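One-letter residues, chain by chain:
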Amino acid sequence: MNKDDHTMTTFRERIETALPLQDAFDFVADFSNAEQWDPGVASSEALDAGPVREGTRFKLGVRMGGRVAPMEYAVTTWEPPHRVVLTGSGSGVAAVDDIRFETTPAGTRIDYTADIRLRGLLRLLAPFAGGSFARIARDARDGMQRALDRRAAAG
(Lines give C-alpha, C1' and ligand atoms only; values in the text may rest on other atoms or scores of the structure.)
Protein backbone atom coordinates (compact mmCIF):
# COMPACT_ATOMS: atom_id res chain seq x y z
CA MET A 1 0.00 0.00 0.00
CA ASN A 2 1.51 3.35 -0.96
CA LYS A 3 1.10 6.70 0.71
CA ASP A 4 -1.63 7.69 -1.71
CA ASP A 5 -3.83 5.06 -0.10
CA HIS A 6 -4.05 7.12 3.09
CA THR A 7 -5.99 10.25 3.83
CA MET A 8 -4.86 12.10 6.93
CA THR A 9 -6.61 14.72 9.01
CA THR A 10 -4.97 16.56 11.90
CA PHE A 11 -6.78 18.22 14.80
CA ARG A 12 -5.25 20.45 17.42
CA GLU A 13 -7.14 21.39 20.56
CA ARG A 14 -6.02 23.34 23.64
CA ILE A 15 -7.60 23.01 27.06
CA GLU A 16 -6.87 25.04 30.20
CA THR A 17 -7.94 23.55 33.52
CA ALA A 18 -7.53 24.36 37.20
CA LEU A 19 -6.58 20.73 37.79
CA PRO A 20 -2.90 20.40 38.83
CA LEU A 21 -0.44 19.03 36.27
CA GLN A 22 0.02 15.52 37.69
CA ASP A 23 -3.72 15.00 38.23
CA ALA A 24 -4.55 16.17 34.70
CA PHE A 25 -1.84 13.94 33.23
CA ASP A 26 -2.92 10.88 35.23
CA PHE A 27 -6.55 11.25 34.16
CA VAL A 28 -6.06 11.99 30.44
CA ALA A 29 -3.07 9.69 29.79
CA ASP A 30 -5.10 6.72 31.07
CA PHE A 31 -7.27 6.03 28.03
CA SER A 32 -9.49 3.74 30.09
CA ASN A 33 -11.01 7.10 31.17
CA ALA A 34 -11.74 8.17 27.58
CA GLU A 35 -15.43 7.27 27.74
CA GLN A 36 -15.76 9.72 30.68
CA TRP A 37 -14.74 12.70 28.54
CA ASP A 38 -15.09 11.80 24.85
CA PRO A 39 -18.71 11.51 23.64
CA GLY A 40 -17.35 9.66 20.58
CA VAL A 41 -16.13 6.80 22.79
CA ALA A 42 -18.80 4.30 23.84
CA SER A 43 -16.48 2.13 25.95
CA SER A 44 -12.85 2.15 27.08
CA GLU A 45 -10.79 -0.29 29.11
CA ALA A 46 -7.15 -1.07 29.82
CA LEU A 47 -5.96 -4.38 28.38
CA ASP A 48 -2.90 -4.51 30.64
CA ALA A 49 -2.84 -4.63 34.44
CA GLY A 50 -0.85 -2.27 36.61
CA PRO A 51 -0.07 1.41 36.23
CA VAL A 52 -0.17 3.04 32.81
CA ARG A 53 3.28 3.07 31.18
CA GLU A 54 4.89 2.78 27.77
CA GLY A 55 3.32 -0.23 26.04
CA THR A 56 0.04 -0.16 27.99
CA ARG A 57 -2.83 -1.07 25.64
CA PHE A 58 -6.42 0.10 25.69
CA LYS A 59 -9.50 -1.19 23.90
CA LEU A 60 -11.98 1.48 22.84
CA GLY A 61 -15.40 1.23 21.27
CA VAL A 62 -15.57 4.26 18.98
CA ARG A 63 -18.86 5.60 17.62
CA MET A 64 -18.76 5.65 13.80
CA GLY A 65 -22.00 6.57 12.16
CA GLY A 66 -24.65 4.40 13.72
CA ARG A 67 -22.32 1.70 15.03
CA VAL A 68 -19.58 1.19 17.58
CA ALA A 69 -16.28 0.09 16.05
CA PRO A 70 -13.38 -1.45 17.99
CA MET A 71 -10.03 0.33 18.15
CA GLU A 72 -6.93 -0.61 20.09
CA TYR A 73 -4.54 2.04 21.39
CA ALA A 74 -1.08 1.65 22.90
CA VAL A 75 1.10 4.13 24.77
CA THR A 76 4.09 4.70 22.47
CA THR A 77 5.68 7.66 24.30
CA TRP A 78 5.53 8.03 28.08
CA GLU A 79 7.04 11.17 29.64
CA PRO A 80 5.02 11.86 32.80
CA PRO A 81 3.74 14.37 33.65
CA HIS A 82 4.45 16.30 30.43
CA ARG A 83 3.69 14.13 27.39
CA VAL A 84 1.97 10.94 26.33
CA VAL A 85 1.52 9.62 22.79
CA LEU A 86 -1.06 6.93 22.07
CA THR A 87 -1.18 5.13 18.75
CA GLY A 88 -4.44 3.50 17.75
CA SER A 89 -5.75 1.36 14.95
CA GLY A 90 -8.83 -0.56 13.97
CA SER A 91 -11.90 -0.39 11.74
CA GLY A 92 -10.09 1.26 8.83
CA VAL A 93 -8.73 4.06 10.99
CA ALA A 94 -5.22 4.73 12.30
CA ALA A 95 -4.70 7.47 14.87
CA VAL A 96 -1.82 9.07 16.71
CA ASP A 97 -2.82 11.18 19.72
CA ASP A 98 0.04 13.37 20.99
CA ILE A 99 -0.94 15.01 24.29
CA ARG A 100 1.28 17.57 26.06
CA PHE A 101 0.79 19.01 29.53
CA GLU A 102 2.24 22.22 30.91
CA THR A 103 1.86 23.93 34.28
CA THR A 104 0.20 27.34 34.19
CA PRO A 105 -0.40 29.82 37.04
CA ALA A 106 -4.03 28.66 37.10
CA GLY A 107 -3.39 24.90 36.76
CA THR A 108 -2.60 22.99 33.57
CA ARG A 109 -2.62 23.62 29.83
CA ILE A 110 -3.18 20.58 27.61
CA ASP A 111 -2.27 20.64 23.92
CA TYR A 112 -3.92 17.71 22.17
CA THR A 113 -2.95 16.82 18.60
CA ALA A 114 -4.68 13.95 16.84
CA ASP A 115 -3.56 12.66 13.44
CA ILE A 116 -6.24 10.44 11.95
CA ARG A 117 -5.65 8.37 8.82
CA LEU A 118 -8.42 6.61 6.97
CA ARG A 119 -7.56 3.40 5.17
CA GLY A 120 -9.20 1.27 2.55
CA LEU A 121 -12.69 2.26 1.47
CA LEU A 122 -13.04 4.75 4.30
CA ARG A 123 -10.57 7.07 2.57
CA LEU A 124 -13.16 7.55 -0.18
CA LEU A 125 -15.42 9.13 2.42
CA ALA A 126 -12.72 11.46 3.74
CA PRO A 127 -13.80 14.53 1.74
CA PHE A 128 -17.24 14.19 3.33
CA ALA A 129 -15.95 13.34 6.81
CA GLY A 130 -14.00 16.55 7.48
CA GLY A 131 -16.92 18.39 9.05
CA SER A 132 -18.01 15.47 11.20
CA PHE A 133 -14.40 14.85 12.32
CA ALA A 134 -14.10 18.49 13.33
CA ARG A 135 -17.33 18.18 15.32
CA ILE A 136 -16.06 14.97 16.98
CA ALA A 137 -12.83 16.76 17.93
CA ARG A 138 -14.73 19.74 19.37
CA ASP A 139 -17.07 17.44 21.33
CA ALA A 140 -14.05 15.56 22.73
CA ARG A 141 -12.34 18.83 23.69
CA ASP A 142 -15.48 20.14 25.39
CA GLY A 143 -16.03 16.83 27.16
CA MET A 144 -12.44 16.77 28.42
CA GLN A 145 -12.80 20.35 29.65
CA ARG A 146 -15.95 19.45 31.61
CA ALA A 147 -14.44 16.26 33.08
CA LEU A 148 -11.24 18.03 34.18
CA ASP A 149 -13.17 20.97 35.64
CA ARG A 150 -15.39 18.56 37.61
CA ARG A 151 -12.29 16.83 39.00
CA ALA A 152 -10.72 20.19 39.90
CA ALA A 153 -13.91 21.30 41.67
CA ALA A 154 -14.11 18.03 43.59
CA GLY A 155 -10.47 18.69 44.66
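Residues numbered from 1 in each chain as written. Predicted model: local features only at pLDDT ≥ 70, side-chain atom pairs only at ≥ 80, totals over all residues. Heavy atoms only, no water.

A. Region of interest: the overall build of the protein chain. For the protein chain, the count of helices and strands is three helices and seven strands. Counting from the amino terminus, the protein chain carries its helices and strands in the arrangement β-α-α-β-β-β-β-β-β-α. Scored against the burial criterion, the 155 residues of the protein chain give a buried share of 41%. Of the contacts formed within the protein chain by residues at least 6 apart in sequence, a portion of 50% connects residues at least 24 apart. (Helix = DSSP H or I, 4+ residues; strand = E, 2+ residues; numbered from the N terminus. Buried < 20%, exposed > 50% of the residue type's maximum accessible area, 1.4 Å probe, protein only. Contact = heavy atoms within 4.5 Å.)

B. Structural context of the nonpolar core. With 39 residues, the main nonpolar core has Phe 31, Trp 37, Ile 99, Phe 101, Ile 110 and Leu 148 as its most contacted residues. Excluding residues that lie within four positions of it along the chain, Phe 31 makes contacts with Trp 37, Ser 44, Phe 58, Leu 60, Tyr 73, Leu 86, Asp 97, Ile 99 and Tyr 112. (Core = buried A, V, L, I, M, F, W, Y, C linked by side-chain atoms within 4.5 Å.)

C. A look at the side chain of Thr 56. Looking at the element boundaries, Thr 56 is found in the loop between β2 (41–46) and β3 (57–64). In this structure Thr 56 comes out as buried when scored by relative accessible area, which is 2%. A distance of 2.9 Å separates a polar atom in the side chain of Thr 56 from the backbone nitrogen of Arg 53. Setting aside residues up to four positions removed in sequence, Thr 56 forms contacts with Asp 48, Pro 51, Tyr 73, Ala 74 and Val 75. (Polar contact = N/O pair within 3.5 Å; in protein donor to acceptor, adjacent residues only side chain to side chain.)

D. Broad picture of the pairing of strand β4 (residues 67–79). The sheet contact formed by β3 and β4 spans eight bridges and is antiparallel. Its bridge partner lying in β4, Met 64 is registered against Arg 67. The antiparallel pairing of β3 with β4 creates a hairpin that spans two residues between the two strands, and Gly 65 there sits at a positive phi of about 60°. Pairing of β4 with strand β5 (residues 83–90) involves seven bridges; the strand directions are antiparallel. Note that in β5 the partner of Tyr 73 across the bridge is Gly 88. Taking the residues that link successive antiparallel strands as the turn, the β4-β5 hairpin has three residues. (Pairing = 2+ DSSP bridges.)

E. View of the packing of aromatic side chains. Per the stated rule, a full pass over the model turns up six aromatic pairs. Here the aromatic rings of Phe 31 and Trp 37 are separated by 6.3 Å at their centres, their planes lie at 70°, and the arrangement is edge-to-face. Residues Phe 31 and Trp 37 agree in their burial class; the two are buried. Ring geometry for Phe 31 against Phe 58: centres 6.3 Å apart, planes inclined by 55°, an arrangement best described as tilted. Within this pair, whereas Phe 31 is found in the loop between α1 (21–29) and α2 (34–37), its partner Phe 58 is found in strand β3, the two being separated by 27 residues in sequence. With respect to burial, Phe 31 and Phe 58 carry one shared label: buried. A network of ring pairs unites the aromatic residues Phe 31, Trp 37, Phe 58, Tyr 73 and Tyr 112 as a single cluster. (Phe/Tyr/Trp six-rings, centres within 6.5 Å; stacked < 30°, edge-to-face > 60°.)

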